[in-house]
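Commentary on secondary and tertiary structure
Chain residues, written in single-letter form:
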Amino acid sequence: MTAKSLNTAYRLAQERYARLGVDTDAALKRLERVPISMHCWQADDVGGFENAGAALGDGLAVTGNYPGKARTADELRADFVKATSLIPGRHRLNLHASYAEMSGKRVDRDALGVEPFRNWIAWAKSLELGLDFNQTYFSHPKVDRGFTLTHPDRAIRGFWIEHGIRCREIGAAIGKALGKTCLTNLWIPDGMKDTPADRRGPRERLAESLDAIFRKKIDRKWNVDSVEPKLFGIGAESYTPGSHDFYLGYAATRGTLLTLDAGHYHPTEGIADKISSVLCFLPEIALHVSRGVRWDSDHVVTLTDELQAIAQEIVWGGYLDRVRIGLDYFDASINRVAAWVIGTRNMIKALLLALLAPTTTLKSAELEGDYTTRLALMEELKLLPFGAVWDHYCATQGVPVGESWLAEVKQYEKVVLAKRVQP
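Being a predicted model, the structure only gives us computed values, none of them experimental. (Residues numbered from 1 in each chain as written. Predicted model: local features only at pLDDT ≥ 70, side-chain atom pairs only at ≥ 80, totals over all residues. Heavy atoms only, no water.)

1. Observations regarding the packing of helix α11 (residues 359-367) against helix α12 (residues 371-381)
This is how the line gets drawn: To obtain an axis, a line is fitted to C-alpha atoms, over the contacting stretch when the element is a helix, and the angle between two such axes runs from 0 to 180 degrees between their N-to-C directions. Labels follow the DSSP assignment, with helices taken as runs of H or I lasting at least four residues and strands as runs of E lasting at least two, numbered in each case from the N terminus. Working definition: roughly parallel below 35 degrees, roughly antiparallel above 145 degrees, roughly perpendicular at 65 to 115 degrees, and oblique for all remaining angles. Only heavy atoms matter for contacts: two residues are in contact if any of them lie within 4.5 Å across the pair.
Contact geometry for α11 and α12: axes closest at 7 Å, N-to-C directions at 155°. What the angle tells us is that α11 and α12 run roughly antiparallel. Residue-level contacts link Thr-361, Leu-362, Ala-365 and Glu-366 of α11 to Tyr-371, Thr-373, Arg-374, Leu-377, Met-378 and Leu-381 of α12.

2. Re the pairing of strand β3 (residues 130-134)
Filter applied, for reference: Accessible area is worked out with a 1.4 Å probe on protein chains only. A residue is then buried under 20% of its type maximum, exposed over 50%, and partly exposed in between. At least two bridges found by DSSP between two strands are what make those strands a pair. We call a crossover right-handed when, viewed with both strands directed away from the observer, the connection leading from the first strand over the helix to the second proceeds clockwise.
With 5 of 5 residues buried, β3 lies mostly within the body of the structure. On β3, burial covers both faces: Gly-130, Asp-132 and Asn-134 on one face and Leu-131 and Phe-133 on the other are all buried. Across 5 bridges, the pairing between strand β2 (residues 92-96) and β3 is parallel. Bridge pairing in β3 places His-96 opposite Asn-134. Between β2 and its parallel partner β3, the chain crosses via helix α4 (residues 118-126), and the hand of that crossover is right-handed. Two elements, β3 and strand β4 (residues 182-186), share 2 bridges in a ladder whose sense is parallel. What sits directly across from Asn-134, in β4, is Asn-185. In this view, the connection linking β3 to its parallel neighbour β4 by way of helix α5 (residues 154-178) has right-handed handedness.

3. Regarding the pattern of salt bridges
Rule in force here: By convention in these notes, a salt bridge is any Lys or Arg side-chain nitrogen within 4 Å of a carboxyl oxygen on Asp or Glu.
According to the stated counting rule, one finds 23 salt bridges in the structure shown. For Arg-71, the salt bridge identified is with Glu-75, shortest N-O distance 2.5 Å. Measuring nitrogen to oxygen at the nearest pair gives 2.9 Å for the salt bridge that ties Arg-324 to Glu-284. Of this pair, Arg-324 sits in strand β10 (residues 323-327) while Glu-284 sits in the loop between α8 (272-278) and β7 (285-289), placing them 40 residues apart in sequence.

4. Digging into the packing of aromatic side chains
Let me state the cut-off plainly: Note on ring pairs: Phe, Tyr and Trp rings are taken, using the six-membered ring of Trp, and paired if centres are within 6.5 Å. Classes follow the plane angle, with under 30 degrees stacked, over 60 edge-to-face and the rest tilted.
Throughout the structure, instances matching the rule amount to 12 aromatic pairs. Ring centres of Phe-49 and Tyr-99 lie 5.3 Å apart, and the angle between their planes is 90°; on these two criteria the pair is classed as edge-to-face. Taken as a pair, Phe-49 in the loop between β1 (37-39) and α3 (73-84) and Tyr-99 in the loop between β2 and α4 lie far apart in primary sequence, 50 residues in all. Grouping residues by exposure puts Phe-49 and Tyr-99 together as buried. Taking the centre distance of 6.2 Å and the plane angle of 40° together, the rings of Phe-214 and Tyr-250 count as tilted. Within this pair, whereas Phe-214 is found in the loop between α6 (200-213) and β5 (223-227), its partner Tyr-250 is found in helix α7 (residues 244-254), the two being separated by 36 residues in sequence. Its relative accessible area of 12% is what places Phe-214 among the buried residues. The class of Tyr-250 is buried, set by a relative accessible area of 5%.

This is how it looks when you write it as structure tokens:
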């Protein structure tokens, strides 16, 4: 499509939206300021670099063996740069502690410091990129019988408590070095495959462990903490101590953020409705946007009704400054760079769709009890020329318009990814 035809299409769309009182230029300016925290683990199937070749396990599984997986941190960083060159806006990278670069010196997780992340920090600084961080409670010998912070053995709990403390310090060091607040997130795989006899004990141990991890005060300018619940995990189908109810209570009483993962609930349960509920009591929350398919929670994000509902709740509720949006999925059955691009572009599309809604009109109709107008407008919005506004945004951001980004990924696969031989 030529620049002239793109501009013509945008002007026509602009006029159409203006008839509903929507300023498309203002919507795009607001969208440009929304960063998405893109998860590093999509590029290498959650492998990490602290112990190359280690089995994943502990409630996580990645399917597929598409060629081109990142084998080193340098390769992962290159893949991220390629992906972001195809995505409009300025975004962040979300790291797991297991992506430490050890440089030949093995450091266990209870002894981690910022040093193994110096390359990540220098790279991010050179790109003026923000980093987020995650504590890694899986793929380790001390995940004993599937337990970490809830383990009955005080020594094992102590190991993982120390890991949590270290990770918060790393997050603060990252934030301070980059001058951008780092979100450090905590999720554990702990749970039971079958019906437990004691639900109380693990939860009380978890609360005690978390209190020990968060005891040290850290400047929130550099690091903010979040806790992430889950309904179940592989091998923990019947019981997870870190449930939604548990962590909601913990976040509300301890002052941490709560991370809502779109794939961590029952297949018929969405997180959109939870956003306004928890933000009545928490100043901020974080999201891990994923796509659940039946009982598997980590599929590439597509432009579903559920994704649009999440974006609508954030935008229509006026929460853009109180929700830290991140992605969390891992698909090894398709090109991994493409998976990043597809999911992130879809998250941004959903936000733009929400920003292009005449929310003042919709809310006024609702307050007046005119539900007919509310429903009619919501349905008409589905056929408005959103695509022309999206194409204009991509063009003005200097990234490929429409599906043309796919050719660049295919070329990158041919020139770069295809040459990576897996061990």
